[in-house]
Amino acid sequence: MLARRGFGRRGLLKFAIAMTASLALPPGMATAMADNLAKARRQSVIWLSFQECTGCLETLLRTDSPTIAALIFDFISLDYQEALMAASGSAAELTLRQAVAANKGKYLLAIDGSVPVADGGVYSLTGGKANVSMLEEFAPDAAAILAIGSCAAYGGIPKAFPNPTGAVGVEDVISNKPIINIPGCPPIPEVLSAVLVYFVSFGRLPELDDKKRPVAYFGTTIHDQCYRRPFYDQGKFAKSFDDEGARQGWCLFELGCKGPTTHNACASLKWNDGTSFPIESGHGCLGCSEPDFWDQEGGFYTSLAGGTGPGWRDAGIAAVAGIAGGAAASFAARHKTPKPMPETTE
Amino acid sequence: MKDFDFLAADRLVDALLMEVADLLQNLLSHQRAGTIDLLGLPLSAACLAMLEERLGGGEISAVLHVSGESQIRETAFPGVWWTRHADETGRVAALMIEVAEVPEIMRASKADMEHGLRRLSEVTNFAQTRPAI
């Protein structure tokens, strides 16, 4: 199958070398991973979307190493995903039941979105069926469950106070299945790719931490990997988003950066094909891969040390000023008399 | 580089070279290849440059064009290879010291050779049916 796609043994081995490096596995496992991938049957993945914004799926479709599209063709069989599949209505429901029956006990159940459980779960339905009922129906026959994104892992933004839908994470509903959490809002796509490849290669989930996250990617904090860390050690902090410290690229701790308490791989894997990550773009980490990040004490702009930071008032003024400035510029642009085209001379 | 940084890098490089020596001894005694994943270690760019310089250059270097470019270079120590794998975008996906007679990725696999043989026979058939000039 891989050879037909122009993917020889060397290509597979190189892919496995990159994956073992990414997963922090001993380099010697690359050969075994390549051998297993060459022999592996395509892994059935059944993906259910619950109370979510589709941001997780959007970001995962844009990963480049390896592309989800390549994974779909080479290593996994995405047997059900409502947003991507052509079928709809009763045909889609039939597809789901057929996929579950054909891969009983073997499929990976991928979930994005939180599970609303208040009032019998009526706040999010698919085909008239509550998300929580679907989870309880399809989890028992899964080999393992992937909770993709902070909503599926911990309840995420739908769980934020006052949580009117009673949103919870997958592990609050299912407790007797192997579950891996890949949190983030959105999660880093390369992490999902690597987890899928690991499962296809070795038939089990990689090593997890106490929050069921893969240790290879969530074993250290953003702060420990941050390129601004030397400024923290030297006590050089930006005090506002436009002061001299900010311009010099100093540490954003006093502006509320949650890097020291946030476990994720943003600082090493980065985003958009390795272009940058939020801190590199000048904003502190929001801590989106930690439970209840939206409700953390003090909010996004209060320092972890309890300092005031710029505070909501200043941040709000800055935001309002920015919006007003943008609106004024936009208004001026729309109402500006167009300049005459310069005359061309032969 | 400041004196302090230089000394720290020098000691790290010494430690890595001792590990390379252990792997080479293991290869000679037990025919077991070994690898050091350099991206997984907290090495500065200066430290990596020093390590590469101390290992030096050997007789063989190869470039693989497989899902991006891979550079494989034997160091001044036979059996010790400096390997750098980049992806299609040029980003370094793996940087390793391999201790082996030949790095695994350079070997032609049986399946690939069988596939090549079929393609070769197609070329040969084509050549036989080609009209004489």
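Computed from a predicted structure; not experimentally measured.

### A look at the overall build of chain B
(1) Moving on: Counting its secondary structure elements, chain B contains three helices and five strands.
(2) Moving on: When its helices and strands are written in sequence order, chain B yields α-β-α-β-β-β-β-α.
(3) Moving on: Classification of the 133 residues of chain B by burial places 31% in the buried group.
(4) Moving on: For chain B, restricting intrachain contacts to residue pairs at least 6 apart in sequence, the fraction spanning at least 24 positions comes to 39%.

### Here's the deal with the layout of surface pockets
(1) Moving on: If you add up the space inside the second largest pocket, you get close to 410 Å³.
(2) Moving on: Along the walls of the second largest pocket sit 22 residues, with Ala33, Thr35, Glu98, Ala100 and Glu104 of chain B positioned nearest its centre.
(3) Moving on: Of all the elements in the fold, those that place two or more residues in the lining of the second largest pocket are helix 1 (9-22) and helix 2 (29-39) of chain A together with strand 1 (34-37) and strand 5 (92-99) of chain B.
(4) Moving on: In terms of residue class, the lining of the second largest pocket is made up of 11 nonpolar, six polar and five charged.

### With respect to the interface of chain A and chain B
(1) Moving on: Listed by partner, the interface residues are 18 residues for chain A and 22 residues for chain B.
(2) Moving on: Each partner contributes to the roughly 1600 Å² buried at the junction of chain A and chain B, and carbon and sulfur atoms together form 60% of this total.
(3) Moving on: Its salt-bridge partner being glutamate 104 of chain B, residue arginine 9 of chain A comes within 3.4 Å of it at the nearest N-O pair.
(4) Moving on: Applying the counting criterion to the chain A and chain B interface returns nine residue pairs in polar contact (both at pLDDT 80 or more).
(5) Moving on: Taken together, the residues of the side of chain A that touches chain B break down into seven nonpolar, five polar and six charged.

### Here we look at the nonpolar core
All names here are of chain A.
(1) Moving on: Ranked by size, the top nonpolar core spans 61 residues in total, and within it Met33 and Leu146 carry the most contacts.
(2) Moving on: Per element, the largest residue contribution to this core is 10 residues, and it comes from helix 8 (residues 189-202).
(3) Moving on: Here this core gathers at least three residues from each of two domains, domain 1 (9-32 + 39-217) and domain 2 (220-330).
(4) Moving on: When residues no more than four places from it in sequence are discounted, the contact partners of leucine 146 are Leu108, Leu109, Ala110, Ile111, Ile180, Leu192, Val195, Leu196 and Leu205.

### Considerations on the sheet that holds strand 2 (residues 76-81) of chain A
Residues and elements named next belong to chain A.
(1) Moving on: Ordered by their spatial adjacency, five strands build an open sheet running 2-1-3-7-9, and the pairing between neighbours is parallel. Strands at the two margins of the open sheet, each flanked by one partner only, are strand 2 and strand 9 (179-182). When strand polarity is set aside, the average angle formed by the axes of neighbouring strands in this sheet is 25°.
(2) Moving on: Sheet topology places strand 1 (residues 43-49) next to strand 3 (residues 107-112); five bridges connect them, and they run parallel. Residue pairing for strand 3: tryptophan 47 is matched across the bridge by alanine 110.
(3) Moving on: Packed onto the sheet, helix 8 meets strand 1, strand 2, strand 3, strand 7 (142-148) and strand 9 and runs at close to 170° relative to strand 7.

### Considerations on helix 2 of chain A
All names here are of chain A.
(1) Moving on: What helix 2 keeps buried is the set Ala30, Met33, Ala34 and Leu37. When helix 2 is viewed along its axis, its buried side chains cluster within an angular range of 100° and face the same direction.
(2) Moving on: In this structure, the buried side of helix 2 is in contact with helix 1 and helix 8.

### With respect to the sheet that holds strand 4 (residues 80-86) of chain B
(1) Moving on: Pairing within the open sheet is antiparallel, and its five strands lie in the order 1-5-4-3-2 (chain B). In the strand order of this sheet, the two ends are held by strand 1 and strand 2 (61-65) of chain B, each with one partner. Strand-to-strand, the axes of this sheet are offset by a mean angle of 20°, without reference to chain direction.
(2) Moving on: In terms of strand pairing, strand 2 of chain B meets strand 3 (residues 69-74) of chain B through five bridges, oriented antiparallel. When the sheet's bridge partners are listed, histidine 65 of chain B is paired in strand 3 of chain B with glutamate 69 of chain B.
(3) Moving on: Contacts from helix 1 of chain A reach strand 1, strand 2, strand 3, strand 4 and strand 5 of chain B within the one sheet, and its direction differs from that of strand 5 of chain B by about 100°.
(4) Moving on: Docked against the sheet, helix 2 (residues 45-55) of chain B engages strand 3, strand 4 and strand 5 of chain B, running at close to 140° with respect to strand 4 of chain B.

### Section: the pattern of salt bridges
Oppositely charged side chains can pair when the atoms bearing their charge come close.
Residue and element names in this part refer to chain A.
(1) Moving on: Counting across every chain of the model gives 18 salt bridges over all chains.
(2) Moving on: Notably, a salt bridge pairs lysine 159 with aspartate 292, separated by 3.2 Å at the nearest N-O pair. A residue pair is termed long-range when its members are at least 10 positions apart, and lysine 159 in the loop between helix 7 (149-154) and strand 8 (167-168) and aspartate 292 in the loop between helix 13 (266-269) and helix 14 (311-335) qualify at 133 residues.
(3) Moving on: Residues arginine 229 and aspartate 224 are paired through a salt bridge, measuring 3.0 Å at the closest nitrogen-oxygen approach.

### Observations regarding the domain arrangement of chain A
Residue and element names in this part refer to chain A.
(1) Moving on: When the domains of chain A are assigned, the result is domain 1 (9-32 + 39-217) and domain 2 (220-330).
(2) Moving on: Roughly 1500 Å² is buried in total at the junction of domain 1 and domain 2, and carbon and sulfur atoms are behind 62% of that figure.
(3) Moving on: Across the pair arginine 213 and glutamate 290 runs a salt bridge, and its minimum N-O distance is 3.1 Å.
(4) Moving on: Summed over the shared surface of domain 1 and domain 2, the number is six residue pairs in polar contact (both at pLDDT 80 or more).

### As for the packing of aromatic side chains
Residues and elements named next belong to chain A.
(1) Moving on: Summed over all chains, the structure comprises 10 aromatic pairs over all chains.
(2) Moving on: Here the aromatic rings of phenylalanine 293 and tryptophan 294 are separated by 5.9 Å at their centres, their planes lie at 85°, and the arrangement is edge-to-face.
(3) Moving on: Taken together, the ring pairs in this structure connect Tyr232, Phe237 and Phe253 into an aromatic cluster.

Reading guide: rules and limits
Residues numbered from 1 in each chain as written. Chains lettered and ligands numbered in written order. Predicted model: local features only at pLDDT ≥ 70, side-chain atom pairs only at ≥ 80, totals over all residues. Heavy atoms only, no water. Helix = DSSP H or I, 4+ residues; strand = E, 2+ residues; numbered from the N terminus. Buried < 20%, exposed > 50% of the residue type's maximum accessible area, 1.4 Å probe, protein only. Contact = heavy atoms within 4.5 Å. 1 Å grid on protein atoms, 1.4 Å probe; cavity = no way out; pocket = protein on both sides within 12 Å on 5 of 7 lines; lining within 4 Å. Points joined across faces, edges and corners; volume = space filled by probe spheres on them. Nonpolar A, V, L, I, M, F, W, Y, C, P; charged D, E, K, R; others polar. Buried area = accessible area lost by both parts, 1.4 Å probe. Salt bridge = Lys/Arg side-chain N within 4 Å of Asp/Glu carboxyl O. Polar contact = N/O pair within 3.5 Å; in protein donor to acceptor, adjacent residues only side chain to side chain. Core = buried A, V, L, I, M, F, W, Y, C linked by side-chain atoms within 4.5 Å. Domains from an automatic or database assignment. Pairing = 2+ DSSP bridges. Axes fitted to C-alpha atoms, helices over the stretch in contact; angles between N-to-C directions. Arc of directions from axis to C-beta. Phe/Tyr/Trp six-rings, centres within 6.5 Å; stacked < 30°, edge-to-face > 60°.

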